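Spelled out, the chains give:
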Amino acid sequence: MKYFEPSELIINADGSCFHLHLRPEQLADRVILVGDPARVNTVADHFDEIECEVSSREFHTITGTYKGKRITVQSHGIGCDNIDIVMNELDTLANIDYETRTEKPEHRTLTCVRIGTCGGLQPFTPTGCFIASVKSIGFDGLLNFYAGRNQVCDLKLEEALKKHMDWDPIKGAPYVAVADAELIDQIAQDDMVRGYTVSCGGFYGPQGRELRAPIVDPKQNEKIEAFEYEGMNICNFEMESSALAGLASLLGHRAMTCCMVIANRYAKEMNTEYKNTIDTLIEKVLERI
């Protein structure tokens, strides 16, 4: 049985994982992920009981119960690099014995739903609508560092996109992670737009925003908006869903992302007051997870 060395599996003196500062018994099977640490409290305000609360850096966690369901709400900050930390550490809490530093004999599957915000890319994704990411295109390159990425990705869609975009290899290879289909049906139901999502490695240049620094491909967003594959379009930009779906698949967990559109890049609209309305999406996820 594989032994995880102290330099690889870093456990704090109190028995918690290195970044999240959670102990195994504090993690529920249902996990809601949010970017903003303050949004953890917004979700937990709906709980009937609070079991524990932990905070470290951008990682804020509350575990409690909602209508009899034990749920952990976990913030991850911004970017796929943070998802790499969060998903790996949540998996260690579920599937590694911290006392023996060995893998547990029985796999524990987590159900992870990320509630986020995004930029809509189509005329049918106006500000305020909800999008469920069926497949997520990672422009960040994170999953390319893991063995088995080809087995959990849609390789045909990857090739179609690279051809359509005239993809410059200097930017690294995009990957297409697939969300858990049953979880998509469970959460999205009939009131969320289903489509493809692009997860970007940044907020400005990678998403086609040009301020003082010029970008490589000024036509990037037009190409993305025009892309269609198997009857679906790329509906939105965000910065985490590809890493979440990809790592969850590699580690044997169920995961998906649903986002509220706060900016429509196609219509050049922005809603800066979105924090007042995202509670509707939170309530849907709590009911359905």
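Predicted, not measured: the structure shown is a model, and the values here were computed from it.

Chemist: So what exactly am I meant to see when it comes to the nonpolar core here?
Modeler: Note on soluble globular proteins: their nonpolar side chains tend to be buried together. Of all hydrophobic cores here, the largest spans 33 residues; its most connected members are L90, C112 and Y175. Mapped onto this core, the elements with two or more residues apiece are β1 (30–34), α2 (80–95), β9 (175–178) and α7 (241–251). Discounting chain neighbours no more than four positions away, the residues touching L90 are L20, L22, L27, V31, L33, Q74 and L110. Formed by 30 residues, the second largest nonpolar core is a distinct cluster that contains A179, I187, I262 and V285.

Chemist: How do you make sense of the environment of C153 when you look at a structure like this?
Modeler: Position of C153 among the secondary structure elements: in the loop between α3 (149–152) and α4 (155–165). With 99 residues separating them along the chain, C153 and G252 place their C-alpha atoms 14 Å apart.

Chemist: Where do I start with helix α5 (residues 181–188) in this structure?
Modeler: In an α-helix there are 3.6 residues to a turn, and that puts residues three or four apart on one side. Of the positions making up α5, those classed as buried are L183, I184, I187 and A188. Taken down its axis, α5 places every buried residue within 110 degrees of arc, on the same side. Turned more than 90 degrees away from the buried face of α5, the exposed residues are A181 and E182. Buried residues belonging to α5 abut β7 (111–120), β8 (130–138), β10 (193–199), β13 (254–264) and α8 (279–288). You can read the cap of α5 off the contacts: a side-chain oxygen lies 3.2 Å from the backbone nitrogen of E182, and it is on D180. Q189 sits one or two residues past α5 and shows a positive phi near 45 degrees.

Chemist: Got a minute to help me understand the pattern of salt bridges in this structure?
Modeler: Two side chains with opposite charge may pair up if their charged atoms get near one another. For the structure on display, the rule yields 15 salt bridges. With a closest N to O distance of 2.8 Å, K284 and D191 form a salt bridge. With a gap of 93 residues between them, K284 in helix α8 and D191 in the loop between α5 and β10 connect regions that are remote in the sequence. Residue classification places D191 among the partly exposed positions, given a relative accessible area of 30%. As a salt-bridge pair, E222 and K219 come within 3.8 Å of each other at their nearest N and O atoms. Using a relative accessible area of 47% as the deciding quantity, one classes K219 as partly exposed.

Chemist: Would you take a moment to explain the layout of surface pockets for this structure?
Modeler: Left-over empty space is what a probe sized like a water molecule reveals as it rolls over the atoms. Of the pockets and cavities examined, the largest pocket occupies roughly 600 Å³. Taken together, 22 residues form the lining of the largest pocket, with F4, E8, N88, T92 and I96 sitting closest to its centre. The element contributing the most residues to the lining of the largest pocket is α2, with 6 residues. By residue class, the composition of the lining of the largest pocket is 10 nonpolar, 6 polar and 6 charged.

Chemist: Any chance you could explain the packing of α2 against α7 here in plain terms?
Modeler: The axes of two packed helices give the description: the angle between them and the distance between them. Closest axis-to-axis distance for the α2/α7 pair is 9 Å, and the angle between their directions is 30 degrees. Here α7 runs roughly parallel to α2, going by the angle between their axes. Where α2 crosses over α7, the two elements pack in a sense that is right-handed. Taking contact as the criterion, the partners of C80, I83, D84, M87, N88 and D91 in α2 are, on α7, S242, A243, L244, L247, A248 and L251. Taken together, the residues of the contact of α2 with α7 sort by class into 8 nonpolar, 2 polar and 2 charged.

Chemist: Mind showing me how you'd approach α4 here?
Modeler: Among all positions of α4, only L157, E158, L161 and M165 are buried. For α4, the angular spread of buried residues about the axis comes to 105 degrees, placing them on one side. Seen from the buried face of α4, the exposed residues on the opposite side, beyond 90 degrees, are K156 and K163. Regarding α4, its N-cap is D154, as a side-chain oxygen of that residue lies 3.3 Å from the backbone nitrogen of K156 further along.

Chemist: Even after reading the chapter, I still don't get unusual backbone geometry, so can you show me in this structure?
Modeler: Most peptide bonds take the trans configuration, and most residues that are not glycine carry a negative phi. Look at Q189: it is not a glycine, yet its phi comes out positive at around 45 degrees. When its relative accessible area of 38% is taken as the criterion, Q189 is described as partly exposed. One non-glycine residue, E230, lies in positive phi territory at about 50 degrees. Look at E230 and you get exposed, because its relative accessible area is 62%.

Chemist: In this structure, what is going on with the state of the cysteines? I would like to understand it.
Modeler: Two cysteines form a disulfide when their sulfur atoms are joined by a covalent bond. Applying the stated criterion across every chain yields a total of 0 disulfides. Sulfur of C153: no disulfide; nearest cysteine sulfur belongs to C80 and is 12 Å away.

Chemist: Teacher, can you tell me more about the pairing of β1 here?
Modeler: In summary, the side chains of a regular strand alternate between the two faces of the sheet. By the criterion of burial, β1 is predominantly enclosed, with 4 of the 5 residues buried. In this structure, β1 lies alongside β7, joined through 5 bridges in parallel fashion. Note that in β7 the partner of R30 across the bridge is T111.

Thresholds applied
Residues numbered from 1 in each chain as written. Predicted model: local features only at pLDDT ≥ 70, side-chain atom pairs only at ≥ 80, totals over all residues. Heavy atoms only, no water. Core = buried A, V, L, I, M, F, W, Y, C linked by side-chain atoms within 4.5 Å. Buried < 20%, exposed > 50% of the residue type's maximum accessible area, 1.4 Å probe, protein only. Helix = DSSP H or I, 4+ residues; strand = E, 2+ residues; numbered from the N terminus. Contact = heavy atoms within 4.5 Å. Arc of directions from axis to C-beta. Polar contact = N/O pair within 3.5 Å; in protein donor to acceptor, adjacent residues only side chain to side chain. Salt bridge = Lys/Arg side-chain N within 4 Å of Asp/Glu carboxyl O. 1 Å grid on protein atoms, 1.4 Å probe; cavity = no way out; pocket = protein on both sides within 12 Å on 5 of 7 lines; lining within 4 Å. Points joined across faces, edges and corners; volume = space filled by probe spheres on them. Nonpolar A, V, L, I, M, F, W, Y, C, P; charged D, E, K, R; others polar. Axes fitted to C-alpha atoms, helices over the stretch in contact; angles between N-to-C directions. Parallel < 35°, antiparallel > 145°, perpendicular 65-115°, else oblique. Left-handed = near helix turned anticlockwise from the far one by under 90°. Disulfide = S-S within 2.5 Å. Pairing = 2+ DSSP bridges.

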